[in-house]
Amino acid sequence: MANQPVTPPTPTHTQGPAAPATTQGATALSETGGPSRTEKVMALVIAILCGAVGALLAFIITRHLEANSLVAVGSSGITFLGVTGVVKYIEEKLGVL
């Protein structure tokens, strides 16, 4: 019995020490470490607002270049979708969404 190897006790948890949970402010992270729901909604609102500004600029420029109303509305609609998609893509790559 004196020659038996001693096995160390197994740890009860496999992760490091638990970080204190912070629920104050809009910068609180969710349980998975990603952005909170409020931050995601704000990021989507920013993408939509950027698309609206781009669409307004496209409408003003096309009307200034003497395009008819239907062409101006079509150009601004496509610009809205494009700018909103690009901003959303950039936000996803930055980890905001």
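To be clear, the structure that these remarks concern was listed above.
Nothing here was measured: the structure is a model prediction, and the numbers come from that model. (Residues numbered from 1 in each chain as written. Predicted model: local features only at pLDDT ≥ 70, side-chain atom pairs only at ≥ 80, totals over all residues. Heavy atoms only, no water.)

**Student:** Can you break down the overall build of the chain residue by residue, with the values?
**Tutor:** Each helix and strand in the chain was counted, giving 2 helices and 0 strands. Looking at the chain as a whole, 18% of its 97 residues qualify as buried. Sequence-distant contacts, at least 24 apart, represent 60% of the contacts inside the chain between residues at least 6 apart. As presented, the chain carries roughly 8,100 Å² of accessible surface, and 68% of it is formed by carbon and sulfur atoms. (Helix = DSSP H or I, 4+ residues; strand = E, 2+ residues; numbered from the N terminus. Buried < 20%, exposed > 50% of the residue type's maximum accessible area, 1.4 Å probe, protein only. Contact = heavy atoms within 4.5 Å. Areas by Shrake-Rupley, 256 points an atom, 1.4 Å probe, with all protein chains shown as cover.)

**Student:** Now, about unusual backbone geometry: what can you tell me, with residues and values included?
**Tutor:** Even without a glycine there, the phi angle at glutamate 66 is positive, about 65°. Tracing the backbone shows glutamate 66 in the loop between α1 (37–64) and α2 (69–94).

**Student:** Go over α2, please, and point to the residues and values.
**Tutor:** The end-to-end C-alpha separation of α2 is 37 Å, in line with the 38 Å expected for 26 residues at 1.5 Å each. Turning to α2, its buried residues are Ala72, Ser76, Thr84, Val87 and Glu91. Residues of α2 that are buried sit in contact with α1. Just past α2, the residue glycine 95 takes up positive phi, approximately 85°. (Expected span 1.5 Å × (residues − 1).)

**Student:** Let's hear about the environment of glycine 85: which residues, and what values?
**Tutor:** Within the secondary structure, glycine 85 is located in helix α2. Given a relative accessible area of 37%, glycine 85 falls into the partly exposed group. Sequence-wise, glycine 85 and alanine 47 are 38 residues apart; in three dimensions their C-alpha atoms are separated by 7.7 Å.

**Student:** Tell me about the pattern of salt bridges, and please be specific about residues and values.
**Tutor:** Should their charged atoms come close, side chains of opposite charge can pair. With the rule as written, the count across this model stands at 1 salt bridge. Notably, a salt bridge pairs glutamate 92 with lysine 88, separated by 2.6 Å at the nearest N-O pair. On the criterion of helical spacing, the pair formed by glutamate 92 and lysine 88 is a turn pair, its members being 4 residues apart in helix α2. Glutamate 92 gets classed as partly exposed once you look at its relative accessible area, which sits at 40%. Overall, the relative accessible area of 33% leaves lysine 88 in the partly exposed class. (Salt bridge = Lys/Arg side-chain N within 4 Å of Asp/Glu carboxyl O.)

So yeah, pure geometry; function would need other evidence.
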